[in-house]
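What follows is each chain in one-letter form.
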Amino acid sequence: MKQNLPVTSRHTDIPPGITLVSKTDLKGVITYANEAFVNASGYALDELLGRSHNIVRHPDMPCAAFEDMWHTLKSGKPWRGIVKNRCKDGGYYWVDACVVPIKRNDQVIGYMSVRKHAPASAIDAAQTRYRDMAAGTSKPQPRLPDWLGIRTGMRAGSLFVALLMLAGGALGIGGLRLADNALTQLYHAQLAPITAIGKIEARLSDSRTTMMEIRLARHESANSHLQGQLAGQISKLRTHRDEIHALLGQLADMDAQVTQQKSMLTHALAQYTSDGLRPVEQAVAHDDPQQAEQLIKQQVLPLEQAAMTAAVALRNALTQAARSEYESTLERNNRIRSFAMAGIALGLAVVVLVGHMFIRGVVNPLNASIRRLNRIAQGDLQGDIDLSGTGESGQLNHAAAVMQLHLKVMLDEIALAARRIHRHCATLNVALYEVTEHSEEQHDRVYSAIRSLNAAVAETSDLSARAERLMLLADQPAPDSSLAGLAFEARELATATRLTAFGAEEVASAMHQVAELIVENRAEAQRAWKASEELKHTAQELNQLVDYFEPAPTPSASMGKS
């Protein structure tokens, strides 16, 4: 980077209300500089125009600051920062600079820098930041992403809400499906088998009752009726046996946790059927009641008791499995509930965070742009330049800032032109007043000369008339020959006098024309003076227009001045 040397410690303070403006082309060559910038830099206007803007760069400014500036400008955005510039004599001054692209037909044709007074606090912060930049310890300021805008925010918000709804729906439907599966599992794997086991126990009890009836029938009934009763009891036993086998088939879909208890019950029932009921049926069929009673007492009842014990064990195991399944279902539901609550809390946190970012990056800059436009509409162009925001609101904020700066520079140029017009009009009025005064004096002199010339013409005409009368007298016949010479001289005198009179009349006519021209010139000068006064009044109106956009004095400032 070019080092502008030498540098001194002389500080020039830019007072508030002064605006330093310069314009450059795309290569950074100065094409315009206002009077305030020229005075602050110490250079003449001719020394600035056509030169690179680096001519006012101070060596204390780090390269990173200008790299950030050019990166921002090339992206089409305005840049703002505290800048230290160098004067021609080596001194320096601090300004709050805002650089914006100059566009025509949406094409960047140059850049405009508008600078104003920089507060002491901002200068101190800038010096600290520039020292960190020079040392390489400066951290970039966090900026909101460019994609965060109204359109993107609406799309992201809609997508996020849709995902939340889908996640909530999937969680709810999945939870209901899990609950349905749990109920189905509870019914088919625990409740239905427990019901079947209860029926098995009832059939076993019915079989015991039937066997008790068989034993009682042998002791109480006569032989003629015993055979018929035994046949009926055996038919009941077979019915109970078939029902037990059918109920045992319903235990096929039981939980794997009770496989051992199910095997024990199946084995006990099979033994009860094969070693208990079938031998009793065969004994009764062979008409051997004593053997049937003995089988009932010694085998059937113990086997029935063992089957009942196995059924009770299986039922208890199924109950325990059902309780475990119930507890695991509750635990799973609690996990789903916790996950749902965590998802709701996370969703709310994301909505609040995104809403805060949206308000900070979109809504607040949008409101700032609205306030700035309202201030501009009210004639206030001195408000702070805010370049915050992103997306559409950031673009609106940047456009409002650029418009404000362009209007401010335009009014500055109008004010400068109005001052020049006023100054030139004042000079022109003085010159026209002097011309008018000189015309009046010349007019008086010319008319005085005309009056003298008219008197001379009258005298010459009188002299010519006398010469003619003398010539007539000389033409009369006389004896003296000297009168002939007198007549000749009188004739010559009359001719010369007449010619002189004619010449004097022509001079008088020309003098009259000169007097008329002087009068016309005086009228033209007066009209020019009036036009200059009107132009001066127009310059005053332009100044009033510029004053409309100047900040109104605060009551405290007015009291301080008074």
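Structure: above.
The model shown is predicted, which means the values in this text are computed figures rather than measured ones.

### A few points about the side chain of Thr 273
In step 1: Structurally, the position occupied by Thr 273 is in helix 7 (residues 259–285).
In step 2: For Thr 273, a relative accessible area of 5% translates into the label buried.
In step 3: Not counting the four nearest positions on each side in its chain, Thr 273 is found in contact with Arg 241, His 245, Arg 278 and Pro 279.

### Things to note about the packing of aromatic side chains
In step 1: Evaluation of the coordinates by the stated rule reveals one aromatic pair.
In step 2: Where Trp 70 meets Tyr 111, the ring centres are 5.4 Å apart and the plane angle is 85°; that geometry is what we call edge-to-face. With Trp 70 in helix 3 (residues 63–74) and Tyr 111 in strand 5 (residues 107–117), the pair connects residues that are 41 residues apart, well separated along the chain.
In step 3: Since its relative accessible area comes to 28%, Trp 70 is described here as partly exposed.
In step 4: By relative accessible area, Tyr 111 is classed as buried at 9%.
In step 5: The aromatic ring of Tyr 32 is capped on one face by Lys 23, whose charged end is 5.3 Å from the ring centroid.

### A word on the nonpolar core
In step 1: Membership of the largest hydrophobic core comes to 33 residues, with the highest contact counts inside it found for Leu 204, Leu 251, Leu 265, Leu 269, Tyr 272 and Val 280.
In step 2: For this core, the elements supplying multiple residues, two or more each, are helix 5 (150–220), helix 6 (223–249), helix 7 and helix 8 (289–377).
In step 3: Of the residues forming this core, the biggest block, 12 residues, is contributed by helix 8.
In step 4: Contacts of Tyr 272, omitting those with residues within four sequence positions, involve Leu 204, Ser 207, Met 211, Ile 244, Leu 277, Val 300, Leu 303 and Glu 304.
In step 5: Of all hydrophobic cores here, the second largest spans 31 residues; its members include Ala 65, Ile 82, Tyr 93 and Trp 94.

### Examining unusual backbone geometry
In step 1: Of note, the phi angle at Asn 105 is positive, near 55°, even though the residue is not glycine.
In step 2: Following the sequence through the fold, Asn 105 ends up in the loop between strand 4 (92–104) and strand 5.
In step 3: The backbone of Asp 106 shows a phi angle near 65°, a positive value even though the residue is not glycine.
In step 4: Its place among the elements puts Asp 106 in the loop between strand 4 and strand 5.

### Digging into empty space enclosed by the protein
In step 1: For the structure on display, the rule yields two cavities of 30 Å³ or more.
In step 2: As for the largest cavity, its lining consists of Arg 80, Asp 96, Ala 97, Cys 98, Val 114, Arg 115, Lys 116, Leu 381, Gly 383, Ile 385, Leu 405 and Lys 408.
In step 3: A per-class count over the lining of the largest cavity returns six nonpolar, one polar and five charged.

### A word on helix 7
In step 1: The terminal C-alpha atoms of helix 7, which comprises 27 residues, lie 37 Å apart, in line with the 39 Å expected from a rise of 1.5 Å per residue.
In step 2: The axis of helix 7 is deflected most strongly, by about 30°, at Thr 273.
In step 3: Within helix 7 the residues assigned to the buried category are Leu 265, Ala 268, Leu 269, Tyr 272, Thr 273, Gly 276, Leu 277, Val 280, Glu 281, Ala 283 and Val 284.

### Details of the sheet that holds strand 1 (residues 20–24)
In step 1: Taking strand neighbours across the sheet as the criterion, the five strands line up as 2-1-5-4-3 in an open arrangement whose pairing is antiparallel. Of all the strands in the sheet, the pair left with one neighbour each is strand 2 (30–33) and strand 3 (79–86). Across the sheet, the mean angle from the axis of one strand to that of its neighbour is 30°, orientation sign disregarded.
In step 2: Summarising the sheet, strand 4 and strand 5 pair through 10 bridges and their orientation is antiparallel. When the bridges of strand 5 are listed, Pro 101 appears paired with Tyr 111.

### A short note on the pattern of salt bridges
In step 1: Applying the stated criterion across every chain yields a total of eight salt bridges.
In step 2: Two residues, Glu 47 and Lys 88, come together in a salt bridge whose shortest N-O distance is 2.9 Å. With a gap of 41 residues between them, Glu 47 in helix 2 (residues 45–48) and Lys 88 in the loop between strand 3 and strand 4 connect regions that are remote in the sequence.
In step 3: Taking the relative accessible area as the measure of exposure, Glu 47 reaches 28% and is therefore partly exposed.
In step 4: With its nearest N and O atoms 2.6 Å apart, the salt bridge here joins Lys 84 to Asp 60. Here Lys 84 is found in strand 3, whereas its partner Asp 60 is found in the loop between helix 2 and helix 3, with 24 residues between them in sequence.
In step 5: Judged by relative accessible area, which is 9%, Lys 84 ranks as buried.

### Description of a nonpolar patch on the surface
In step 1: A cluster of nonpolar side chains, namely Leu 159, Leu 163 and Leu 166, defines an oily patch on the protein surface of about 320 Å² accessible area.
In step 2: Here Leu 163 lies in helix 5.
In step 3: Note on Leu 163: relative accessible area 48%, which makes it partly exposed.

Conventions we followed
- Residues numbered from 1 in each chain as written.
- Predicted model: local features only at pLDDT ≥ 70, side-chain atom pairs only at ≥ 80, totals over all residues.
- Heavy atoms only, no water.
- Helix = DSSP H or I, 4+ residues; strand = E, 2+ residues; numbered from the N terminus.
- Buried < 20%, exposed > 50% of the residue type's maximum accessible area, 1.4 Å probe, protein only.
- Contact = heavy atoms within 4.5 Å.
- Phe/Tyr/Trp six-rings, centres within 6.5 Å; stacked < 30°, edge-to-face > 60°.
- Lys NZ or Arg CZ within 6 Å of the ring centre and 35° of its normal.
- Core = buried A, V, L, I, M, F, W, Y, C linked by side-chain atoms within 4.5 Å.
- 1 Å grid on protein atoms, 1.4 Å probe; cavity = no way out; pocket = protein on both sides within 12 Å on 5 of 7 lines; lining within 4 Å.
- Points joined across faces, edges and corners; volume = space filled by probe spheres on them.
- Nonpolar A, V, L, I, M, F, W, Y, C, P; charged D, E, K, R; others polar.
- Expected span 1.5 Å × (residues − 1).
- Bend = angle between axes of the 7 residues up to and from the residue.
- Pairing = 2+ DSSP bridges.
- Axes fitted to C-alpha atoms, helices over the stretch in contact; angles between N-to-C directions.
- Salt bridge = Lys/Arg side-chain N within 4 Å of Asp/Glu carboxyl O.
- Patch = residues over 30% accessible without salt bridge, like charges linked within 9 Å, V, L, I, M, F, W, Y side chains within 5 Å.
- Areas by Shrake-Rupley, 256 points an atom, 1.4 Å probe, with all protein chains shown as cover.

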